[in-house]
2 protein chains.
Amino acid sequence: MTKLKNDTLIRALLRQPTEYTPVWMMRQAGRYLAEYNQTRARAGNFLSLCKNPDFATEVTMQPLARFPLDAAILFSDILTIPDAMGLGLYFAEGEGPKFERPLREEWEIQALTVPDPNVHLRYVMDAVSQIRKTLDNQVPLIGFSGSPFTLACYMVEGCGGTDFRQIKTMLYQRPELLHHILNINAQSVTSYLNAQIESGAQAVMIFDTWGGALSHNAYQEFSLRYMSQILAGLKREHGGVRIPAVVFTKGGGLWLESIANSGCDAVGLDWTTDIGEARRRIGDKVALQGNLDPFVLFASPEVITAETEKILASYGNGSGHVFNLGHGISQFTPPESALTLVDAVHALSRKYHQ
Amino acid sequence: MTKLKNDTLIRALLRQPTEYTPVWMMRQAGRYLAEYNQTRARAGNFLSLCKNPDFATEVTMQPLARFPLDAAILFSDILTIPDAMGLGLYFAEGEGPKFERPLREEWEIQALTVPDPNVHLRYVMDAVSQIRKTLDNQVPLIGFSGSPFTLACYMVEGCGGTDFRQIKTMLYQRPELLHHILNINAQSVTSYLNAQIESGAQAVMIFDTWGGALSHNAYQEFSLRYMSQILAGLKREHGGVRIPAVVFTKGGGLWLESIANSGCDAVGLDWTTDIGEARRRIGDKVALQGNLDPFVLFASPEVITAETEKILASYGNGSGHVFNLGHGISQFTPPESALTLVDAVHALSRKYHQ
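Okay, so let's go over this structure. (Residues numbered from 1 in each chain as written. Chains lettered and ligands numbered in written order. Predicted model: local features only at pLDDT ≥ 70, side-chain atom pairs only at ≥ 80, totals over all residues.)

Some words on the overall build of chain A
Then comes step 1: Counting its regular elements, chain A contains 15 helices and 11 strands.
Then comes step 2: Relative to the compact-globule value of 20 Å for 354 residues, chain A shows a C-alpha radius of gyration of 19 Å, a close match.
Then comes step 3: Taking all 354 residues of chain A together, 55% fall into the buried category.
Then comes step 4: Across chain A, every contact between residues at least 6 apart in sequence was considered, and the portion connecting residues at least 24 apart equals 72%. (Helix = DSSP H or I, 4+ residues; strand = E, 2+ residues; numbered from the N terminus. Rg over C-alpha atoms; globule rule 2.2 N^0.38 Å. Buried ≥ 20, exposed ≤ 12 C-beta atoms within 10 Å, placed from the backbone. Contact = placed C-beta atoms within 7 Å.)

Now the structure itself:
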């Protein structure tokens, strides 16, 4: 493999010196871009978009054509693993993801098996290879997966946006059943992310979207523990190059110290945490990624620039910061706001890297 | 007024010695109780239930007849103030609260006025008086209000459960408009809670349900600041008796130190915070209220008891803890689980008060 033309993201994730703070945006390939909606219309629906490597490559590249981003992120769904397990992922019009066969019976849980990523998730690996080829080493490609607990929420509840009653009832009443699911999920995520790395992902991120719904004790036992298990099993080097791993628990600001000890290279922050305070709490043990409130992008360029500067100043001098939103970009965001943000990060951050 | 027969809650909120840890449950009068659903059916709908002091008294008393709770809490809605401002609160079948006339235009915001609680919210004051009479000093009555920011979310978005796009756009782009709304709301909440205190409320609580959706800076400026303003204007004594005030920001665990400095007597905790860690962080400055995950009540009596003991042990020895759930009780909770919880708190907590 030839060398990355822009490896700023990788260096920042490894806390090596950079000239400026790299930036990418969670859900940067998405509905706020007209060209994304056009590709999605051609694909027919969201799942066909994910499952076709040509379409997945096309939408992954779209935001890079518009904005000078420092990373691409694989376009895929968070729920590919349970779909590969046979739960039947589908999207009802205007609703979030659902499963045709959520885990309702104990025998269904006992029958779960770890999918082979190179067979059952071949389409993802093909997308990763094709995106890498198309990127031509311009910027690194980030691979990703949902966390074991977040996947389990959807698998048990059958859909998102619930009060977590079913999975929490299992957690408190039948913890051994939930541990069984989480163990299968952790093995699945490990081999899924390792296959992405072998296919060309140059950094990986674990999205723990729902870990923040747990109590402090339950978070450690049912979410973080399994992310640590994954991190211990990940290939952290490929082709002689270090592959950084990021963990992002939405709503996990109270638990940063333990997340930083999970074995990851960087911790993702949502917008509720002060990034400077986070840096003081966990020292320079890991890099930090975040954390602008995505709704700042609905304000004027002046406000976007001022809020960006606040976060850069709060982090302060030196490397180890990857700028991002604190959550996925809203589908209603004006694309020109994203450009303002990316340009502001690049221009304003240089003074912190001298 | 004669003396309370059980003033354990008041003493705990003021960090005075108690014999055991008092307990009540957020939303303790609610849909998980068959008798509540019967009263609601007689009332016709939820709003008629709130607006009729006889019905409000009846449902406020219902959980006390079942469980040996240490407090009653006024049965009312969080959105009575904006309704009194003329926004037209209504509940569509099977959905949350909505407003007929949300704040869409600048002139609507400029035209907002502070309602007179003894006129426009007379039905709440009548309910407070009637509940106090019915309680006959058995346990204290807690009055409450939504926080200025939480009220503003509903007033601007028009309903709950949104992504906060409209209010956050205002916050970042037209902060002076949002400050105007929040200032009116803070004045309204102050006079509303003071009227509840004059009508007989023996403690008050501010529910900041949505403050946790803000960034750390925005929380200080747009939510906590206005709660501090209210606390500075509250009558803290009535009839020679101290009236404790509790502030509860759901998702506010990162900001406990500043909440504890707001002028409140106690800080409510959701279930994501370790209560022992919270006590170490803020010392004995204020009391703490919380914080069992409401979904523990879907487990067996053994698990409920064990999880209750964990929280009591984490808080440790001495007064200053009011046991509660970390959020409102779920409508699907088996009522016998609530009894298990209340009994467990009373039985297990005595050893921490010797």
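Describing the environment of A:S129
Residue and element names in this part refer to chain A.
Then comes step 1: Along the chain, S129 falls in helix α7 (residues 122-135).
Then comes step 2: Note on S129: 17 C-beta atoms within 10 Å, which makes it partly exposed.
Then comes step 3: Here the alpha-carbon distance between S129 and G200, two residues 71 residues apart in the chain, equals 5.9 Å.
Then comes step 4: If we ignore the near neighbours within four places in the chain, the residues touching S129 are S199 and G200.

Regarding the sheet that holds strand β5 (residues 203-208) of chain B
Residues and elements named next belong to chain B.
Then comes step 1: Strand order in the open sheet made by the 7 strands is β1-β4-β5-β8-β9-β10-β11, with parallel pairing throughout. For this open sheet the edge positions go to β1 (72-73) and β11 (321-325), each flanked by a neighbour on one side alone.
Then comes step 2: Relative to strand β8 (residues 245-249), β5 runs parallel, the two sharing 5 bridges. Within the sheet, the bridge partner assigned to M205 lies in β8 and is V246. (Pairing = 2+ DSSP bridges.)

Let's talk about the interface of chain B and chain A
Then comes step 1: At the interface, 26 residues of chain B touch 26 residues of chain A.
Then comes step 2: Broken down by element, the residue count for the side of chain B that touches chain A peaks at 5 residues, all from helix α9 (residues 165-173) of chain B.
Then comes step 3: Among the residues forming the side of chain B that touches chain A, the class breakdown is 10 nonpolar, 11 polar and 5 charged. (Nonpolar A, V, L, I, M, F, W, Y, C, P; charged D, E, K, R; others polar.)

What to know about the relation of the copies chain B and chain A
The two chain copies are related to each other by a rotation about an axis together with a translation along it.
Then comes step 1: Once turned by 180 degrees and shifted 0.0 Å along the axis, chain B lies on chain A with an RMSD of 0.0 Å. What we have between these two chains is a two-fold relation. Among all residues of chain B, the minimum C-alpha distance to the rotation axis is found for B:L254, at 3.0 Å.
Then comes step 2: The fraction of interface residues of chain B whose copies in chain A are also interface residues reaches 100%, indicating that both copies meet through the same surface. (Least-squares fit on C-alpha atoms with pLDDT ≥ 70 in both.)

Some thoughts on the sheet that holds strand β11 (residues 321-325) of chain A
All names here are of chain A.
Then comes step 1: Spatially, 7 strands are ordered β1-β4-β5-β8-β9-β10-β11 in an open sheet, and the strand pairing comes out parallel. Edge positions in the sheet fall to β1 (72-73) and β11, since each of these pairs with one other strand and no more.
Then comes step 2: Bridge analysis of strand β8 (residues 245-249) against strand β9 (residues 266-268) gives 3 bridges, and the strand direction is parallel. Each residue of the ladder has a partner; that of F248, found in β9, is G268.

Some remarks on helix α15 (residues 335-349) of chain A
Residues and elements named next belong to chain A.
Then comes step 1: End to end, α15 covers 22 Å across 15 residues, agreeing with the expected 21 Å (1.5 Å per residue, within 8%).
Then comes step 2: All of the buried residues in α15 are S337, A338, T340, L341, V342, A344, V345 and S349.
Then comes step 3: The secondary structure elements touched by the buried residues of α15 are α14 (301-315) and β11. (Expected span 1.5 Å × (residues − 1).)

What to know about the nonpolar core
Then comes step 1: Grouped together as the largest cluster of nonpolar side chains are 234 residues, with contacts concentrated most on A:I142 and B:I142.
Then comes step 2: Sequence-distant contacts of A:I142, defined by excluding residues within four places in its chain, comprise A:A71, A:A72, A:I73, A:L74, A:A201, A:A203, A:V204 and A:M205. (Core = buried A, V, L, I, M, F, W, Y, C linked by C-beta atoms within 7 Å.)

Brief notes about the pairing of strand β4 (residues 141-146) of chain A
Residue and element names in this part refer to chain A.
Then comes step 1: Extensive coverage of β4 is indicated by the burial of 6 of its 6 residues.
Then comes step 2: Here β1 pairs with β4 via 2 bridges, running parallel. Each bridged residue has a counterpart across the sheet, and for A72 the counterpart in β4 is L141.
Then comes step 3: Examined bridge by bridge, β4 and strand β5 (residues 203-208) share 5 bridges and lie parallel to one another. Bridging from a neighbouring strand, G146 pairs with F207 of β5.

Description of unusual backbone geometry
All names here are of chain A.
Then comes step 1: Residues G290 and N291 are joined by a peptide bond in cis, for which omega reads -5 degrees.
Then comes step 2: Inspection of the secondary structure assignment puts N291 in strand β10 (residues 287-292).
Then comes step 3: Even without being a glycine, R15 presents a positive backbone phi close to 60 degrees.
Then comes step 4: Note on placement: R15 falls in the loop between α1 (8-13) and α2 (34-43).
Then comes step 5: The backbone phi angle of N137 is positive, close to 60 degrees, even though this residue is not glycine.
Then comes step 6: Topologically, N137 is positioned in the loop between α7 and β4.

Quick word on the environment of B:N261
Residues and elements named next belong to chain B.
Then comes step 1: Tracing the backbone shows N261 in the loop between α12 (256-260) and β9 (266-268).
Then comes step 2: C-beta crowding within 10 Å serves as the criterion here: with 13 such atoms nearby, N261 is assigned to the partly exposed category.
Then comes step 3: Along the backbone, N261 and S228 are 33 residues apart, and their C-alpha atoms lie at a distance of 8.5 Å.

Considering the packing of helix α8 (residues 148-157) of chain B against α9(B)
All names here are of chain B.
Then comes step 1: Contact geometry of α8 with α9 gives a least axis separation of 8 Å together with a crossing angle of 110 degrees. The orientation of α8 with respect to α9, classified from their angle, is roughly perpendicular. Here A152, C153, V156 and E157 of α8 come into contact with α9, specifically with Q166, I167 and M170.
Then comes step 2: For the contact of α8 with α9, the class distribution of residues is 5 nonpolar, 1 polar and 1 charged. (Axes fitted to C-alpha atoms, helices over the stretch in contact; angles between N-to-C directions. Parallel < 35°, antiparallel > 145°, perpendicular 65-115°, else oblique.)

Some remarks on the pairing of strand β10 (residues 287-292) of chain B
On a regular strand, one side chain projects to one face of the sheet and the next to the other, so that they alternate.
Residues and elements named next belong to chain B.
Then comes step 1: Burial of β10 is extensive: 6 of the 6 residues sit out of reach of the surface.
Then comes step 2: Pairing geometry for β9 and β10, over 3 bridges, is parallel. Across the sheet, A266 pairs through a bridge with A287, a residue of β10.
Then comes step 3: Taken together, β9, helix α13 (residues 275-282) and β10 form a β-α-β motif whose crossover is right-handed.
Then comes step 4: Bridging between β10 and β11 involves 5 bridges; their strand directions are parallel. Paired with G290 across the bridge in β11 is F323.
Then comes step 5: This β-α-β element, β10 to helix α14 (residues 301-315) to β11, shows right-handed connectivity. (Right-handed = clockwise from strand over helix to strand, strands pointing away.)

Considerations on the packing of helix α8 (residues 148-157) of chain A against helix α10 (residues 175-199) of chain A
Helix-helix packing: each pair is described by the crossing angle between the helix axes and the interaxial distance.
All names here are of chain A.
Then comes step 1: Running from N to C, α8 and α10 point in directions that differ by 120 degrees, and their axes come no closer than 9 Å. Overall, the two elements α8 and α10 adopt an arrangement that is oblique. In the crossing of α8 with α10, the sense of the turn from one axis to the other is right-handed. Here P148, F149, L151, A152 and M155 of α8 come into contact with α10, specifically with L178, I181, L182, N185, A186 and V189.
Then comes step 2: Across the contact of α8 with α10, the residue classes tally to 10 nonpolar, 1 polar and no charged. (Left-handed = near helix turned anticlockwise from the far one by under 90°.)

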